Amino acid sequence: MRTAHRTCPLCEAVCGLTITLDDGGRVTGVRGDDADPFSKGFVCPKGASLGRLDEDPDRLDVPMVRRDGTWHEVSWAEAFAAVERGLAAVPGPSRAVYLGNPNAHTMAGSLYGPALVRSLGTRQVFSASTADQMPKHVSAGLMFGDPLAIPVPDLDRTDFLLMLGANPLESNGSLCTAPDFPGRLKALRARGGRLVVVDPRRTRTAKLADEHLFARPGTDAHLLMGMVHTLFAEKLTDVRVPVSGLDELADAAAAFTPEACAAVCRVPAERIAGLARELAAAPAGAVYGRIGTCTVEFGTLAQWLVDVLNVLTGNLDRPGGAMFPCPAVGRPRRRRPYTTGRWHSRVRGLPEANGELPVATLADEIETPGEGQIRALITVAGNPVLSAPGGARLDEALNRLDLMVSVDPYLNETTRHAHVILPPPRVLQSGHYDFALLGFAVRDYARYSPPVLPLPDGRPSEAEILARLAMIASGQGAGADPGLVDELILDQTLRAAVETPGSPVEGRDPAALRAALDGATGAELRLDAMLRLGPYGAWGGRLPYGGDALSLATLRAHPHGLDLGPLRPRLAEVLRTASGTVELAPGPILADVARLREALTREASPFVLIGRRHLRSNNSWMHNVAPLVGGSNRCTLQIHPDDAAELGLAGTAVVRSATGELTVAVEPTDTIMRGVVSLPHGWGHAGTTQAVAAGHAGVSANVLTDASRVDPLSGNAVFNGVPVTLTPA
Ligand SMILES: Nc1nc2c(c(=O)[nH]1)N[C@H]1C(S)=C(S)[C@@H](COP(=O)(O)OP(=O)(O)OC[C@H]3O[C@@H](n4cnc5c(=O)[nH]c(N)nc54)[C@H](O)[C@@H]3O)O[C@H]1N2
Ligand SMILES: Nc1nc2c(c(=O)[nH]1)N[C@H]1C(S)=C(S)[C@@H](COP(=O)(O)OP(=O)(O)OC[C@H]3O[C@@H](n4cnc5c(=O)[nH]c(N)nc54)[C@H](O)[C@@H]3O)O[C@H]1N2
Ligand code: SF4
Ligand SMILES: [Mo]
């Protein structure tokens, strides 16, 4: 028996886990790590099942190559050689990459994903971000000059939290890294704070709140604009940070009276105005909007308005308000002002955002002939057949590729179309550092988890798999040393640091700095460099409360993680706009407000579809773990009982949208508002080797979602507010 400590990689809450293993390396138990200063022993059912997930016999252990419709187990050398042959036949612009959600949860995804993208030499770059949070990046980019400058609600100190389109009691939080989110919300209420939840469903989070308001899907931007209108009309604004565009903002909000907005979102006008007054009056308050407010037709406008309200009420960058975390691994300063649309997608002319094109147009780019038509696709940790809008069409389109390579532990609805599948090793065989998620944490915190189990002989880490793919794509060949990727990036990082005026290592010798680095792998060496160069780093940074400045060695000496304190105001360090102020009325956003105004008088569809998440689920890929599926974690269509009765729905219903049709079990519940139905995504398991998931197949919500509709500013998919009709099956 032995005990190991490790961060859970299964959602954004970064909980510390204590894992017990037997002599053979099998997991005998997983519980919360009581000594983790951030998660303090919290664990959820998914984290507790990490052992089951990691030891799933249906996970792929060796590379697979598909020839003439049958799968063959091959050696790693053969698999990489097959990739090299296939990729050599496809010119750069016809290559594409899709990076799925778990890339945000692996060191490999954060450290080697960008190198892979660059080496492919293509603009056909897609990721789950345009099915998720791209509206937040675009609004942050336009307002603060940096798409990663995303303020988070200061959960532990706020007095008033307005939460829209988020259900952290199921999701455990998103773009707001907060282990034990439920406990933090209860603490907010216990100290006399107020929590208001806006959601078309009375979720578990809504039940915990002081107040729950039902709102029509896709109308959060109207509700928030009604609040902005009220703040101006009642002279309640209290701007405490340097801003531009205040007058333009007031003009833009003029048409959005609470009464006009109430007609659209169905929240009473009195409550829209009341929320504005309560937010303005709170000693410290914050507005937080998540997936329900992003994956809608006005996604970027809603995200902009979330932060506009935080600014107008004096809550941006103040304790208890919406604050910018200061992660241990810093990022290089942006040099040019943020903009989107530097290029456009070939078929539909959709604008690039953050160097990516919308996943909603991936099928178009594969199907439509012409120069730059996608002929080779690499997917890493993604299942777009189930997760992308119009997934059924993508399912067909993937069959047309000359080459598809998937880095994934499962043969699933997407990877079954691949010619080569490269499975990463097990979670416990991989080191872990949350490069992405710690930048959204409600306390500054750092934790490194070395691998719990050694890599089997000859088995490449996921970092090595991605590095080798990058070497192949850049023409250096399958036999090249993947460590060269790390050395190249280390060299660039250290050189940039010594050449940056005012940097703590300015003028030093990059070779000497490189020699000082510590780490057993390229990934560890790079983490060490980034920690040392960061704000708390051993090369010139310091910890807020004293102690050894950070390096890999410091984090190794703190296996349960290191608390770096509550969030501190730091807007001045974060702002990257040309004006040096917070832009309240960026041009592209103001232009899009016209669309919001038109929607004030639009007729609503009788029924619209939204999604939902379940505590024991995780997008498409945890349905093969028996303790996690079944019970309330099922793929059903939730509908209000009165709607079901009026439509004569019982048992199963046929749901039709503009693009597809499904037959699904009906679950009447008065927790959903009338005129709205909800179906979770990530189901519809078919044609895979996952035995448990096949027994809980369900249907894919993305058969119904319409890839032709996107949020125009970010290109983000529209999953919520999809018009549907319902008939008895
Ligand atoms: N209708 C509807 N659709 C949605 C959403 C919605 O709310 N409604 N939500 C959207 C959101 S927020 C997201 S993030 C996307 C997710 O979209 P995707 O990222 O495309 O889908 P996932 O289901 O997360 O698939 C993750 C894949 O990664 C694999 N995987 C797991 N761990 C690892 C690993 O360590 N390494 C590698 N290489 N692979 C791994 C899994 O086997 C699986 O194939 O779905 C979106 N789709
Ligand atoms: N257990 C579990 N945890 C997860 C995941 C999972 O699949 N399962 N997925 C992870 C991922 S990839 C992400 S991005 C995060 C997402 O984290 P959250 O944003 O917290 O996601 P959800 O739980 O889907 O909550 C979204 C809520 O928005 C509501 N909603 C739908 N449409 C609208 C609308 O138009 N307006 C408003 N105001 N509300 C609306 C839905 O009813 C739902 O309750 O969760 C992550 N954590
Ligand atoms: S809340 Fe998230 S990070 Fe914490 S144990 Fe559960 S899945 Fe893991
Ligand atoms: Mo997501």
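None of the values given here were measured: they were computed from a predicted structure. (Residues numbered from 1 in each chain as written. Chains lettered and ligands numbered in written order. Predicted model: local features only at pLDDT ≥ 70, side-chain atom pairs only at ≥ 80, totals over all residues. Heavy atoms only, no water.)

Peer 1: In this structure, what is going on with the overall build of the chain? I would like to understand it.
Peer 2: Of the regular secondary structure elements, the chain holds 26 helices and 29 strands. Radius of gyration (C-alpha) of the chain: 25 Å, near the 27 Å computed for a compact globule of 729 residues. Along the first, second and third principal axes, the C-alpha set of the chain runs to 65 × 60 × 55 Å. Residue burial in the chain is summarised as follows: out of 729 residues, 63% are buried. Long-range contacts, defined as pairs at least 24 residues apart, comprise 73% of the intrachain contacts of the chain with a sequence gap of at least 6. Here the chain contributes 70 positive and 78 negative side-chain charges, whose respective centroids are spaced 1 Å apart. (Helix = DSSP H or I, 4+ residues; strand = E, 2+ residues; numbered from the N terminus. Rg over C-alpha atoms; globule rule 2.2 N^0.38 Å. Buried < 20%, exposed > 50% of the residue type's maximum accessible area, 1.4 Å probe, protein only. Contact = heavy atoms within 4.5 Å. Lys, Arg positive; Asp, Glu negative; His and termini not counted. Charge placed at Lys NZ, Arg CZ, Asp CG, Glu CD.)

Peer 1: I tried to follow the domain arrangement of the chain on my own but got confused; where do I start?
Peer 2: Interface extent is often summarised as the accessible area lost during association of the parts. You can read the domains of the chain as domain 1 (134-328 + 572-598) and domain 2 (605-728). Taking the mean C-alpha position of each, domain 1 and domain 2 sit 27 Å from one another. Buried surface at the junction of domain 1 and domain 2, both sides included, amounts to about 2,200 Å², of which 57% is carbon and sulfur. Three residues, R201, R216 and T295, lead the burial of domain 1 against domain 2; their summed loss comes to 28% of the area buried on that side. (Domains from an automatic or database assignment. Buried area = accessible area lost by both parts, 1.4 Å probe.)

Peer 1: Help me out: how do you make sense of the sheet that holds strand β1 (residues 2-7) in this one?
Peer 2: Within a sheet, each strand pairs with its neighbour through backbone hydrogen bonds, oriented either parallel or antiparallel. Spatial strand order, β1-β2-β3: three strands in an open sheet with antiparallel pairing. Whereas interior strands pair on both sides, the edge strands pair on one side only; in this sheet they are β1 and β3 (27-32). Each adjacent strand pair in this sheet contributes to an overall mean axis angle of 25°, direction not counted. Of the pairings in the sheet, the one linking strand β2 (residues 16-21) to β3 comprises five bridges and is antiparallel in character. Pairing of I19 across the sheet is with V30, part of β3. (Pairing = 2+ DSSP bridges. Axes fitted to C-alpha atoms, helices over the stretch in contact; angles between N-to-C directions.)

Peer 1: What am I meant to see in helix α14 (residues 299-312) here?
Peer 2: Think of an α-helix as 3.6 residues a turn; residues three or four steps apart then line up on the same face. The end-to-end C-alpha distance of α14, which contains 14 residues, comes to 20 Å, matching closely the 20 Å that a straight helix rising 1.5 Å per residue would cover. With 14 of 14 residues buried, α14 lies mostly within the body of the structure. Where α14 ends, the next residue or the one after it, G314, has phi of about 75°, a positive value. (Expected span 1.5 Å × (residues − 1).)

Peer 1: Teacher, can you tell me more about the site of ligand 2 here?
Peer 2: Taken together, 30 residues are adjacent to ligand 2, and S171, D199, G218, D220 and S617 come closest. One of the side-chain nitrogen or oxygen atoms of D220 is found 2.6 Å away from a nitrogen atom of ligand 2. One nitrogen or oxygen atom from the main chain of S617 is found 2.7 Å from a nitrogen atom belonging to ligand 2. Alone, ligand 2 offers 920 Å² of accessible surface; in the complex the protein occludes 97% of this. Taken together, the elements giving at least two residues each to the shell around ligand 2 come down to α6 (168-171) and α13 (291-294). Of the domains in this structure, domain 1 (134-328 + 572-598) and domain 2 (605-728) are the two that each give at least three residues to the shell around ligand 2. (Near = heavy atom within 4 Å. Polar contact = N/O pair within 3.5 Å; in protein donor to acceptor, adjacent residues only side chain to side chain. Areas by Shrake-Rupley, 256 points an atom, 1.4 Å probe, with all protein chains shown as cover.)

Peer 1: Mind showing me how you'd approach the sheet that holds strand β11 (residues 211-213) here?
Peer 2: Strand order in the open sheet formed by four strands is β11-β10-β9-β13, and the pairing between neighbours is parallel. Of all the strands in the sheet, just β11 and β13 (285-289) have a single pairing partner and so form its edges. Strand-to-strand twist in this sheet, taken as the mean axis angle between neighbours without regard to direction, amounts to 15°. In this structure, strand β9 (residues 160-164) lies alongside strand β10 (residues 194-198), joined through five bridges in parallel fashion.

Peer 1: How should I be thinking about the packing of aromatic side chains in this particular structure?
Peer 2: Each pair of aromatic rings is reported with the distance of its centres and the angle of its planes. This model, assessed by the stated rule, comprises five aromatic pairs. Ring centres 5.9 Å apart and planes at 35° place the aromatic pair W76 and F80 in the tilted group. Taken together, the residues W76 and F80, both in helix α3 (residues 76-88) and four residues apart, mark about one turn of the helix. Under the relative-accessibility criterion, W76 is labelled buried at 13%. Across the ring face of W71, the terminal group of R66 is positioned such that the distance to the ring centre comes to 5.8 Å. Against the face of F80 rests R468, its NZ or CZ located 5.9 Å from the ring centre. (Phe/Tyr/Trp six-rings, centres within 6.5 Å; stacked < 30°, edge-to-face > 60°. Lys NZ or Arg CZ within 6 Å of the ring centre and 35° of its normal.)

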